[in-house]
Protein chains: 2
Amino acid sequence: MITFKNIQYNCSMELTLDLIGGKWKSLILWHLGDNALRFSELKKSLPKITQKMLTQQLRELEASGLVNRHIYTQIPPKVEYSLTPDGKSLLPVLETLCQWGLNYANTMEPMDEKNVK
Amino acid sequence: MITFKNIQYNCSMELTLDLIGGKWKSLILWHLGDNALRFSELKKSLPKITQKMLTQQLRELEASGLVNRHIYTQIPPKVEYSLTPDGKSLLPVLETLCQWGLNYANTMEPMDEKNVK
DNA sequence: CAGTATCCACTGTGATACTG
DNA sequence: CAGTATCACAGTGGATACTG
């Protein structure tokens, strides 16, 4: 049993899922990777997310200390998002996860050479 | 771009999330670990899941080939769930993920010795 | 450009009751 | 014991309009 921010978790997996679970968070972290991206660039790399969801998820990741938000005070506005050290520490795991999925898909439904990018 | 089961994914992370994303799947896989568990045992280890959700998620994991369902034909019924080799191949990644969450929580909110289990 | 606000529709999740 | 069926609700998603 673990307590974090006054929430009780039965195992650390639950805690982890609260941080990076859900439909978008890990995807956002993954796409940020080592670069800083503007809101619009991030939006473009996640074609199916809505503006509302992207904003909301970024705020939550920021609150968890996994993402930095850097505002350039200019007109038109420019905001860049990047991973904090804590966020970056997650990249290797996400990489492995990604690789696992790719492997899995290939085992189940081997792709022709020509379809592989 | 990846195509799997006629669904198009922009990156393999999306594919992975379709397989093990959502509120319960990775938690179920994690709790199964190396053992075979009966439905009721699994339910007990995931106190907050409803029977409906557990059944539903297990069916989906089974369809993905990550979980085996073994039925003992007897009365009262006994059904055991276990990880397939593909499912087991995910365990090391889940372990790392778990560890990451634990580490994160400890950095943010160091626990007293006495509270650590 | 990078948001916020509002309204509405849809789906996932949950509570409860029932069954072979 | 291991489910299925039904109903209700919250979170998510989409469209649109507006703003510093």
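Residues numbered from 1 in each chain as written. Chains lettered and ligands numbered in written order. Predicted model: local features only at pLDDT ≥ 70, side-chain atom pairs only at ≥ 80, totals over all residues. Heavy atoms only, no water.

Some points on helix 2 (residues 25-32) of chain B
Residue and element names in this part refer to chain B. Counting buried positions along helix 2 gives six out of eight residues, so the element sits mostly inside the fold. Residues Lys25, Ser26, Leu27, Ile28, Leu29 and Leu32 constitute the buried set of helix 2. Once helix 2 finishes, Gly33 follows within two positions and takes phi at roughly 50 degrees, a positive value. (Buried < 20%, exposed > 50% of the residue type's maximum accessible area, 1.4 Å probe, protein only. Helix = DSSP H or I, 4+ residues; strand = E, 2+ residues; numbered from the N terminus.)

Here's the deal with unusual backbone geometry
Residue and element names in this part refer to chain A. Cis rather than trans, the peptide bond between Ile75 and Pro76 has omega equal to 0 degrees. With respect to the secondary-structure elements, Pro76 resides in the loop between strand 4 (67-72) and strand 5 (78-83). With phi around 65 degrees, Asn6 is a residue other than glycine that occupies positive phi space. You can see Asn6 is positioned in the loop between strand 1 (2-4) and strand 2 (7-9).

Side note on the environment of Lys48 of chain B
Inspection of the secondary structure puts Lys48 of chain B in the loop between helix 3 (39-45) and helix 4 (51-63). Relative accessible area serves as the criterion here: at 56%, Lys48 of chain B is assigned to the exposed category. Residues Lys48 of chain B and Asp18 of chain B, 30 residues apart in the sequence, show an inter-C-alpha distance of 22 Å. Excluding residues that lie within four positions of it along the chain, Lys48 of chain B makes contacts with Gln8, Asn10 and Glu14 of chain A together with Trp24 of chain B. (Contact = heavy atoms within 4.5 Å.)

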